[in-house]
Structures are given as C-alpha cells and as structure tokens.
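Topology and contacts: notes
For reference, the chains in residue letters:
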Amino acid sequence: MDSFIIEGGTPLKGIVQVSGSKNAALPILMAAIAVDSRVTYTNVPDLRDIHTTIKLLNLLGRPAVLKDGTVEVENGELGIEAPYDLVKTMRASVLCLGPLLARKGEALVSLPGGCAIGARPVDQHLSALEKMGAQFDLKNGYIHGHCPTGLKGAKLQFDFPTVGGTENVLMAACLARGESVLENCAREPEIVDLADFLVQCGAQIEGQGSSVIRVQGVDSLHGCRYRIMPDRIEAGTFLIAAAVTGGELLLRDCPVNAMDAVLGKLREAGMSIEERADGVLARTGGDGLLGVDISTQPHPGFPTDMQSQFMVLMCCAQGSGLVQENIFENRFMHVQELVRMGADIRISGSSAMVRGGRTLTGAPVMASDLRAGAALVLAGLAAQGTTRVQRVYHVDRGYEHLVEKLAAVGAQIARVKDVD
Ligand code: EPZ
C-alpha cells in the first residue's frame, strides 16, 4: 500500500487544472452498455474507479481503452454478469444494472456491499426497476434481474432523491417501451451530464436537473463523442487547499455553475473567490477564516462529498462551525484522525462541532474512505510538521494525479511505498 508524506505549512500558489468528474464519468461510461455502437469519451480522469469501470465494460463484451483522457468503447456482443470480485472494489458497478436490463432483458450483478461511510443499499434502484417490469431474485450475494417481455415505461417516485437510483432508472427508461415519469429524482449536475450524453445518443429526455424527469423510450441508442464535465468535488477540495495553506490558486475548468452551495459557504467562511475569464482565483480574504455551519443535503444543497474537506477549513478558522451530515450514517471517520492532529471536534449523533483557532500538527493518520482521505491531505498541508497519510488507495479512487498537482503549486508532498 502507498502513503503520502506531507510537510505542512507551505502556502500553495499557482494554477490547477480541474479534471473530469469521477461521479459523472462512472454512470456515463456505464451508459455505453445501452448504446449499440462505438462511443468516444474525452476529459475522462485517470482514476482507480475509471480503470475498474473499463475492466467491467471489457468483461461485459464492450472493449474499452483509456488513453490520455480519452476512452473508446467499441461495440460487441454483450454479456450480462458483473462479478463479485469486481463489484466489491467499486459499488458504482451496480450502475450497469439498468442499461443491461434495457439492452439484454437480463442482468446478474453482485450485490454491492456497504462501505466505510454506510450500508448503502440499492432497494430504491430495484423497486423502481420493478415498476418498469423487471423481476429480481437476490441470492448467493447476487442480484439476478430479468424482464422477459422487456422494460415498459412507468410513472414512479423515489422515496428520496437517490443519485445512483436516478441514474440507473434513467438509463433503463431510455430504452423502455413508452413514457416514463420519474419523480423525486436527484438533481446532481452529474445526472444532468448523464442525461445530456444519453440525449446525444438519441434518447428523449426532459427535466434533467429537476426533480421530475420525463423519458420517451426509443428503440435504440447510437454512439457519439462526449466530453465529461469537470469535477466539482475535486475543484472544491483545491479551493479549500488554497485557504487552509494561506495561499492562492487559480483553478482552470472549475464548474462554478455546479457549485453554488459550496462557493456560498466558502465565501461565508471568509474566502475570496473571484470568477475570472481564465479561471477561478481563490485565497483567504483579509479578515481570515470564520467558523460557519453546514448541513449536507441533496443537490442543490451542500454536497456530502465536501463535508470532510470543509471540516478541515473549520479547524483553521476563528470561531466554530457545526457540521450536520444528513446523507450517510457514518461519514465522520476523518474526525478522530483530525483530533489526533490537534483538532477540537466533538461529535453528537449526526453532527460535529468544530472549534477552530487551533494549530494542527503533523501525525501519522489513516484514510478510511475517499473524501476522508482528501480531508487528511488538506490537514497535512495546513499542519505544522510532517503528516503520513496511509491507505491512500482510497484517495486514488477520486483524485487524478493529486501528488503531482499539489507539488506543482508548492506543496511538500510525496508518495511512498509502505513496508508491509
Ligand atoms: C453517489 O452515491 C456518489 N457516488 C457519492 O459519492 C455521493 O456521496 C452520493 O451520490 C450522494 O451525493 C457516485 O456518484 C459514484 P445515493 P450513491 O444513492 O448513488 C441511501 C464520492 O465520494 N440509499 O444518493 O450511492 C444511501 O445509503 C462518493 O465520490 C438507500 O437507502 O448515493 C445513502 O445513505 C461517496 N437506498 C443515501 O441514500 C438506495 O436504494 C444517498 O445515496 C439508494 C441509496
């Protein structure tokens, strides 16, 4: 396993290129399963999860290759199985369920286990697809789905705005017979990106980005060339890196239109964030950082994927901030690691009170999940002394070339091999 060694205290200065979005690329690559000819994707980030998705596409009979940010997915005879050994490394593999049922009328997908941040069931995915005529047997750790007479359009409502559930059902509805009306959908920008891709492949979709999406099923979807949207969570992480190191970063390709809640809270916390023609310029404002409260919500609310990073900002602010986590039941695993670095954070149920004004000190810490790991990197950059972040394979899932990007703007950071 690899670790990051970070010597904190250096203000970051320079230009950062925001990569393509992991959470847009994963469903959009999976959507190639629903398309009956070659697809070319650009601005695809070089991440562990992308490589896993490409492996799954190859296993399913869709030869795919990533080269210099471009993925070509060739046509091929589709299989139906997403095996356990692959799904256990990436929950998002379950996003092949909807497109497989739509194209093949059958799917055998390993039931995605939970992960560090929560149980993460897929009951909403299954109940919605059942309303479209799919039948599921859950046994031996697999979801065996089939719809012998093909999927039919339906009017359905999600119990709550599930991102993956909306994506799975949206992809299935594109090839179902008749109209589907999906209510209480998630509104994340990555869902809009997925819908825009599907429309370019010939799908008939309206309402993406709102809570009601209407889909007129079509007989088939054709290939196209598509650029993945920039990653709003990577961008938000770098904005906070500028603030906690007292530096100044210019972010290129920063998707500001997808970041209202984050930009609003960063500005409320005292950051100066200037949207310019050549990018977004971020630094701490003259009055320093101030404690503010956040409450994670489905989009357009404050994203849960920015919660742990924002907590580090609060550690470096004057005053205190209350962090309320409403989406996942166990997304505070970074807290104890931050406390070991000198943070004053007290958890009470699904909220954590962060008291700032403390100097973080370097320490050996361990990443438990992707965004917790990102938070520990931010803390290491802000801390006095040396921080060793272990198990950075979590971070490699969602941050393309993170060490290189940070080092290029002055961070003292290196990747080292752990002696197992
Ligand atoms: C997506 O996960 C993202 N992953 C997550 O990003 C993100 O945190 C999450 O959306 C919320 O924004 C990808 O896009 C690949 P959900 P997803 O379905 O689709 C519960 C990251 O760090 N739920 O909106 O799994 C679930 O347990 C990752 O990049 C059910 O109970 O999120 C969770 O508590 C982490 N039943 C909540 O809903 C279901 O059928 C939100 O889940 C589905 C979900």
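Let me sum up the structure you'll find in this document.

**Some points on the nonpolar core**
- Grouped together as the largest cluster of nonpolar side chains are 78 residues, with contacts concentrated most on Tyr-41, Met-132, Phe-197, Leu-198 and Leu-221.
- Residue contributions to this core peak at six residues, all from helix α1 (residues 22-30).
- Other than its neighbours up to four places away in sequence, Met-132 contacts Gly-150, Leu-151, Lys-152, Ala-154, Leu-156, Val-169, Ala-172, Ala-173, Ala-176 and Ser-180.
- Judged by nonpolar contacts, the second largest core, of 71 residues, contains Ala-269, Ala-379, Ala-383 and Val-403.

**Some details on the sheet that holds strand β7 (residues 106-110)**
- In spatial order, the strands read β6-β7-β9-β8; together these four strands make up an open sheet with mixed pairing. In this open sheet, the two edge strands, each paired with only one partner strand, are β6 (81-82) and β8 (135-139).
- In the sheet, β6 pairs with β7 via two bridges, with the strands oriented parallel. For Ala-82, the partnering residue across the bridge sits in β7 and is Val-109.

**Points about helix α6 (residues 163-173)**
- Among the 11 residues in α6, 10 count as buried, and that is most of the element.
- Among the residues making up α6, those that are buried are Gly-164, Gly-165, Thr-166, Glu-167, Asn-168, Val-169, Leu-170, Met-171, Ala-172 and Ala-173.
- The backbone nitrogen of Gly-165 has a side-chain oxygen 2.8 Å away, supplied by the residue at the start of α6, namely Thr-162.

**Remarks on the environment of Leu-266**
- Structurally, Leu-266 can be placed in helix α9 (residues 260-268).
- Put simply, Leu-266 and Leu-289 are 23 residues apart on the chain and 9.1 Å apart in space, counted from C-alpha to C-alpha.
- Setting aside residues up to four positions removed in sequence, Leu-266 forms contacts with Leu-239, Ile-240, Met-271, Ile-273, Phe-310 and Leu-313.

**Digging into the site of the ligand**
- Close contacts around the ligand come from 22 residues, with Gln-124, Thr-162, Gly-164, Asp-305 and Ile-327 the closest.
- Contact distances for the ligand include 2.8 Å between an oxygen atom and a backbone N or O atom of Val-163.
- Gly-164 is positioned such that a nitrogen or oxygen atom in its backbone is 2.8 Å from an oxygen atom of the ligand.
- Out of a free accessible area of 830 Å², the ligand has 86% covered by protein chains.
- Tallied by class, residues from the shell around the ligand come to nine nonpolar, six polar and seven charged.

**Points about the environment of Arg-283**
- Assignment of secondary structure puts Arg-283 in strand β17 (residues 279-284).
- Owing to a relative accessible area of 29%, Arg-283 belongs among the partly exposed residues under this scheme.
- Considering only alpha carbons, one finds Arg-283 and Gly-246, 37 residues apart in sequence, at a separation of 6.9 Å.
- When sequence neighbours within four positions are dropped, the list of residues in contact with Arg-283 reads Gly-247, Glu-248, Met-271, Ser-272 and Glu-274.
- One polar contact links Arg-283 to Glu-248, side chain to side chain, over a distance of 3.3 Å.

**Overview of the packing of helix α8 (residues 232-244) against helix α12 (residues 370-382)**
- Contact geometry for α8 and α12: axes closest at 9 Å, N-to-C directions at 20 degrees. In terms of orientation, α8 and α12 fall into the roughly parallel class. Crossing of α8 against α12: the hand is right-handed. Note on element contacts: α12 touches α8 through Arg-371, Ala-374, Leu-378, Leu-381 and Ala-382, opposite Ile-233, Thr-237, Ile-240, Ala-241 and Val-244.

**Some thoughts on the pairing of β7**
- Sheet analysis places β7 next to strand β9 (residues 142-146), joined by five bridges and oriented antiparallel. The partner of Glu-106 across the bridge, within β9, is His-146.

**As for the environment of Leu-322**
- Here Leu-322 is to be found in strand β19 (residues 320-324).
- What makes Leu-322 partly exposed here is its relative accessible area of 30%.
- Between the alpha carbons of Leu-322 and Asp-293 there is a distance of 4.5 Å; along the sequence they are 29 residues apart.
- Each residue touching Leu-322, except ones within four places of it in the same chain, is listed here: Val-292, Asp-293, Ile-294, Ser-351, Ala-352 and Met-353.

**A closer look at the sheet that holds strand β14 (residues 225-227)**
- Overall, mixed pairing links the four strands, which are arranged β4-β5-β3-β14 in an open sheet. In this open sheet, the two edge strands, each paired with only one partner strand, are β4 (64-67) and β14. This sheet shows a mean twist of 15 degrees between the axes of neighbouring strands, independent of strand direction.
- Alignment of strand β3 (residues 39-42) against strand β5 (residues 70-73), held across three bridges, turns out to be antiparallel. Bridge assignment links Thr-40 to a residue of β5, and that residue is Glu-72.
- Helix α2 (residues 48-59) contacts β4 and β5 of the sheet and is inclined by roughly 150 degrees relative to β4.

**A closer look at the packing of aromatic side chains**
- Under the definition given, this model contains three aromatic pairs.
- Arranged with centres 5.4 Å apart and planes meeting at 35 degrees, the rings of Tyr-41 and Phe-197 form a pair that is tilted. A residue pair is termed long-range when its members are at least 10 positions apart, and Tyr-41 in strand β3 and Phe-197 in helix α7 (residues 189-200) qualify at 156 residues. In this structure, Tyr-41 and Phe-197 share a single accessibility class: buried.
- Seen in terms of ring centroids, Phe-302 and Phe-310 are 5.4 Å apart; in terms of plane orientation they differ by 75 degrees. Their pairing is edge-to-face.
- Judged by its relative accessible area of 5%, Phe-302 falls in the buried class.
- Members of the aromatic cluster, each reached through a chain of ring pairs, are Tyr-41, Phe-197 and Tyr-226.

**With respect to the packing of α1 against α2**
- Closest axis-to-axis distance for the α1/α2 pair is 10 Å, and the angle between their directions is 5 degrees. Of the possible angle classes, the one that applies to α1 and α2 is roughly parallel. Each of Lys-22, Ala-25, Leu-26, Leu-29 and Met-30 in α1 lies in contact with α2, whose residues at this interface are Asp-49, Ile-50, Thr-53, Leu-56 and Leu-57.
- Classifying every residue of the contact of α1 with α2 gives seven nonpolar, one polar and two charged.

The rules we used
Residues numbered from 1 in each chain as written. Predicted model: local features only at pLDDT ≥ 70, side-chain atom pairs only at ≥ 80, totals over all residues. Heavy atoms only, no water. Core = buried A, V, L, I, M, F, W, Y, C linked by side-chain atoms within 4.5 Å. Buried < 20%, exposed > 50% of the residue type's maximum accessible area, 1.4 Å probe, protein only. Helix = DSSP H or I, 4+ residues; strand = E, 2+ residues; numbered from the N terminus. Contact = heavy atoms within 4.5 Å. Pairing = 2+ DSSP bridges. Polar contact = N/O pair within 3.5 Å; in protein donor to acceptor, adjacent residues only side chain to side chain. Near = heavy atom within 4 Å. Areas by Shrake-Rupley, 256 points an atom, 1.4 Å probe, with all protein chains shown as cover. Nonpolar A, V, L, I, M, F, W, Y, C, P; charged D, E, K, R; others polar. Axes fitted to C-alpha atoms, helices over the stretch in contact; angles between N-to-C directions. Parallel < 35°, antiparallel > 145°, perpendicular 65-115°, else oblique. Left-handed = near helix turned anticlockwise from the far one by under 90°. Phe/Tyr/Trp six-rings, centres within 6.5 Å; stacked < 30°, edge-to-face > 60°.

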